[in-house]
Amino acid sequence: MKILVVGSGGREHALVWKLRQSKKVEKIFCAPGNGGISLLAKCINIKADNIKGLAEFATRNKINLTVVGPEQPLAMGIVDEFQKRKLKIFGPEKQAAQIESSKVFAKQFMQKYHIPSAPFKVFNAFAEAVGFCKSVAYPVVIKADGLASGKGVIIAENQDEANAAIENIMLKQSFGKAGEQVVIESFLKGQEISIMAITDGKTIFPLLSSQDHKQAYEGDKGPNTGGMGAYCPTMLVTDEMMEQIDDFILKPTINGLRNENIPYRGVLYFGLMITNNGIKVLEYNCRFGDPETQAVLPLLKTDLLDIITAVVDKKLQSLPKPEWRKGCAACVVMTSKGYPGKYTTGYPIYGLKKSWSNGNYIFHAGTRKDNNNWLTAGGRVLGVTGIDADLKGALNNAYNLVKKIKYEGATYRRDIGFRAFKTEEAVGLAKK
Ligand code: AMP
Ligand code: GLY
């Protein structure tokens, strides 16, 4: 088969790497890809949101299957466009992708199908939203309705912060149309975990649980980022809890969407909070998580292409459940100094030759190759994944590799996995 993977980050590198292992794959293209991906796939210079360009490429090159990484093209309707042209593609259609691209849609859907989530209200007028914030308990969570690259969620500690957030979203229109409506919801306290599930709209294959680290600095401090590291599986999710998640969250979501006549095919990401009051949905994403995918896929034994093909052909039921390697994976994200704020790129990266040894992986997120040199090319630069029998070993392997990689301004959190231990212990591990 000829495969096209759409996207350019660490998630797409992990997808390309995993798909390449399938015996059925003849050639992989990636649009637009990155330096690391170019070692495994032919990168083509078409942006992920150029849907017509991608569809034309797929037709011209007789691509048998396209796998979409990021949310933007899914929200824009890449799957609908490919299907119209009789091209096979893995991902939800535009209407189903609303589960991520509209928080109002997602919250109202959860309410309708009794899927546990924070109580909320929707506003489409500034004055009303601000008025409501006069009488809420703080902190409160304010969310722009549409896609905002992870920046559209503000946790306001007091009324001033709430007013500023609503003004920013609704009056200053910092996120454009995405801010025409806001969701204001109660703040949930607890442990955040990620569950990704592959589904053809009926059968659900949950992948192993994982935990992301969204804040930029150690101890979960500082601004939100795209994700600074992840590990898999997380001991926070026991088998019993997974059953509850399946019964009260995964199944009602997939069945609810089918009931709405928008069957979901693809991977659905559940951002969950384990609270004292049960497990609640914080968010849905209509795609693989990043960096979670870089920790989850290295543990998957089953051929990913078989699973994806079964989804596209609506035959997931006929496949055996995915098989997993024993042990743990931990991914440490290395960034450019200043990320998620301003940063500069173009610095040479040294030490990459040691990658892919001893069962550890370096996934490239923002790199490019200039002759024989590797250069930084993004905010998130690399995802370094270590594997071992347990989490401590996996973290050790990842950090040992991280320390061999050098570039100007290389920045990373030393406490990935800290919620599974105590912070000091995790930082100690990184320093060892
Ligand atoms: P979202 O885009 O809705 O996932 O929000 C981004 C991040 O904001 C989540 O990953 C959580 O860390 C945080 N968050 C969102 N909603 C809530 C909530 N109701 N309570 C606490 N934290 C939240
Ligand atoms: N790691 C969070 C996300 O992919 O949205």
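Please refer to the structure placed before this passage.
Rules and cut-offs
- Residues numbered from 1 in each chain as written.
- Chains lettered and ligands numbered in written order.
- Predicted model: local features only at pLDDT ≥ 70, side-chain atom pairs only at ≥ 80, totals over all residues.
- Heavy atoms only, no water.
- Near = heavy atom within 4 Å.
- Polar contact = N/O pair within 3.5 Å; in protein donor to acceptor, adjacent residues only side chain to side chain.
- Areas by Shrake-Rupley, 256 points an atom, 1.4 Å probe, with all protein chains shown as cover.
- Helix = DSSP H or I, 4+ residues; strand = E, 2+ residues; numbered from the N terminus.
- Nonpolar A, V, L, I, M, F, W, Y, C, P; charged D, E, K, R; others polar.
- Buried < 20%, exposed > 50% of the residue type's maximum accessible area, 1.4 Å probe, protein only.
- Contact = heavy atoms within 4.5 Å.
- Disulfide = S-S within 2.5 Å.
- Pairing = 2+ DSSP bridges.
- Axes fitted to C-alpha atoms, helices over the stretch in contact; angles between N-to-C directions.
- Expected span 1.5 Å × (residues − 1).
- Bend = angle between axes of the 7 residues up to and from the residue.
- 1 Å grid on protein atoms, 1.4 Å probe; cavity = no way out; pocket = protein on both sides within 12 Å on 5 of 7 lines; lining within 4 Å.
- Points joined across faces, edges and corners; volume = space filled by probe spheres on them.

This paragraph deals with the site of ligand 1. Looking at ligand 1, there are 15 residues lining it, with Glu-185, Leu-188, Glu-192, Lys-214 and Glu-283 nearest. A distance of 2.9 Å is found between a nitrogen atom of ligand 1 and a backbone nitrogen or oxygen belonging to Ser-186. Expressed as a share of its isolated accessible area of 470 Å², the protein-covered part of ligand 1 is 92%. At the level of elements, strand 7 (140-144), strand 8 (153-156), strand 9 (182-186) and strand 17 (278-285) are the ones that each hand at least two residues to the shell around ligand 1. Here the residues of the shell around ligand 1 are counted per class, giving eight nonpolar, one polar and six charged.

Here Thr-203 shows up in the loop between strand 10 (191-199) and strand 11 (204-206). Its relative accessible area of 18% is what places Thr-203 among the buried residues. Ignoring anything within four residues of it in the chain, the contact list for Thr-203 reads Ile-198, Leu-316 and Gln-317.

This part is about the state of the cysteines. According to the stated counting rule, one finds zero disulfides in the structure shown. Free cysteine Cys-43: the closest other cysteine sulfur is in Cys-30, separated by 5.3 Å. For Cys-43, a relative accessible area of 26% corresponds to the partly exposed category. The thiol of Cys-232 is unpaired, and the distance to the nearest cysteine sulfur, on Cys-328, comes to 7.4 Å.

Let us look at the sheet that holds strand 17. Read from one edge of the open sheet, four strands run 11-10-16-17, paired in antiparallel fashion. Here the strands that pair on one side only, and so sit at the sheet edges, are strand 11 and strand 17. The mean angle between the axes of side-by-side strands here comes to 35 degrees, regardless of whether they run parallel or antiparallel. Across the face of the sheet, helix 11 (residues 304-312) comes into contact with strand 10, strand 11 and strand 16 (266-275) while running at roughly 70 degrees to strand 10.

With that settled, consider the pairing of strand 23 (residues 380-388). The buried fraction of strand 23 amounts to eight of the nine residues, a majority that puts the element mostly inside the structure. Where strand 18 (residues 328-335) lies against strand 23, eight bridges are found, and the strand directions are antiparallel. Bridge pairing in strand 23 places Ala-330 opposite Gly-386. Relative to strand 23, strand 20 (residues 361-364) is paired through four bridges, and the arrangement is antiparallel. Opposite Phe-363, over in strand 23, you have Gly-383 as the bridge partner.

Here we take up helix 9 (residues 239-259). Three or four residues apart is the spacing at which side chains of an α-helix point the same way, because the helix has 3.6 residues per turn. Here helix 9 contains 21 residues, and its C-alpha end-to-end distance of 28 Å stays within 8% of the 30 Å for a straight helix at 1.5 Å per residue. Along its length, helix 9 reaches its greatest deviation from straightness, about 40 degrees, at Asp-246. All buried positions along helix 9 are accounted for by Met-241, Met-242, Ile-245, Asp-246, Ile-249, Leu-250, Pro-252, Thr-253, Ile-254, Gly-256 and Leu-257. Here the buried face of helix 9 lies against helix 5 (94-101), helix 6 (103-112), strand 10, strand 11, strand 16 and strand 17. Taken from the residues just after helix 9, Asn-261 is the one with a positive phi, measuring 70 degrees.

Before going further, it helps to spend a moment on empty space enclosed by the protein. If you walk through the whole model with that rule in mind, you get three cavities of 30 Å³ or more. Quantified by volume, the largest cavity comes out at close to 80 Å³. As for the largest cavity, its lining consists of Ile-99, Glu-100, Lys-103, Ala-106, Lys-107, Met-110, Lys-143, Glu-185, Leu-282, Glu-283 and Tyr-284. Counting residues per element, the ones that place at least two in the lining of the largest cavity are helix 5, helix 6 and strand 17. At four residues, the largest contribution of residues to the lining of the largest cavity is made by helix 6. In this model, the second largest cavity occupies a volume close to 40 Å³. What lines the second largest cavity is Val-68, Leu-74, Phe-90, Gly-91, Pro-92, Gly-266, Val-267, Cys-286, Arg-287 and Phe-288. Split by residue class, the lining of the second largest cavity holds seven nonpolar, two polar and one charged.

None of this, on its own, says anything about what the molecule does.
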